[in-house]
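Chain by chain, the residues run as shown.
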Amino acid sequence: MSSKIVAIGPKDVISCFASIGAELRVTKDSRELSAAIENASRQTDLALVLVPEPNAVECRGAIKAFRAESQAVMLLLPTSAGGPDLAIEEIGKEIEKAVGMNLLKTESSSNP
């Protein structure tokens, strides 16, 4: 059973995950982030991959490929830098898969 956690992204954003035992893979730009995600998709010992949301927006192709190829879970992390709220949307979808309903959906997000 895999139990390795990896955090990929800028050092100032991911360094806090070292305290929970995550391996840090520091990247400087979206090209490096995409390459690190692709490398992670080939690792069979990963259980969880953490990527900051603002950085992930530019690497959607690599993220989609990772999810298709890897058994590991990839979470996009919301940050104080803001973003398009992809992380909360994706976490809601994962919760919905697990329990049958999106517990994070608010009244305003359900109305078009």
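Residues numbered from 1 in each chain as written. Predicted model: local features only at pLDDT ≥ 70, side-chain atom pairs only at ≥ 80, totals over all residues. Heavy atoms only, no water.

1. A few points about the sheet that holds strand E3 (residues 46-52)
Spelled out, the test is: The pairing criterion for strands is at least two bridges between them, as found by DSSP. A helix here means a DSSP run of H or I that spans at least four residues, while a strand means a run of E at least two residues long, and both kinds are numbered starting from the N terminus. In this analysis an axis means a line fitted to C-alpha atoms, helices contributing only their contacting stretch, and an angle means the value between N-to-C directions, from 0 to 180 degrees. Here, residues are in contact when the closest pair of their heavy atoms is within 4.5 Å.
Strands sit in the order E2-E1-E3-E4 across an open sheet of four strands; the sheet is parallel. Since the sheet does not close on itself, it has two edges, and those belong to strand E2 (23-26) and strand E4 (73-77), each with one partner. Going across the sheet, the axis of each strand differs from the next one's by a mean of 20°, ignoring polarity. Sheet topology places strand E1 (residues 4-9) next to E3; four bridges connect them, and they run parallel. Pairing of Val6 across the sheet is with Val49, part of E3. Helix H2 (residues 30-41) contacts E1, E2, E3 and E4 of the sheet and is inclined by roughly 165° relative to E1. Along the sheet, helix H4 (residues 60-69) contacts E3 and E4; its crossing angle with E4, the most-contacted strand, is approximately 150°.

2. Some remarks on the environment of Ser70
Rules: Two N or O atoms count as a polar contact when they lie within 3.5 Å, although within protein this holds only if one can serve as hydrogen donor and the other as acceptor, and sequence-adjacent residues are included solely when both atoms are side-chain atoms.
Assignment of secondary structure puts Ser70 in the loop between H4 and E4. Each C-alpha atom, one on Ser70 and one on Glu38, is 9.9 Å from the other, the two residues being 32 residues apart in sequence. Within the structure, the side chain of Ser70 is placed 3.0 Å from the backbone nitrogen of Ala72, a separation counted as a polar contact.

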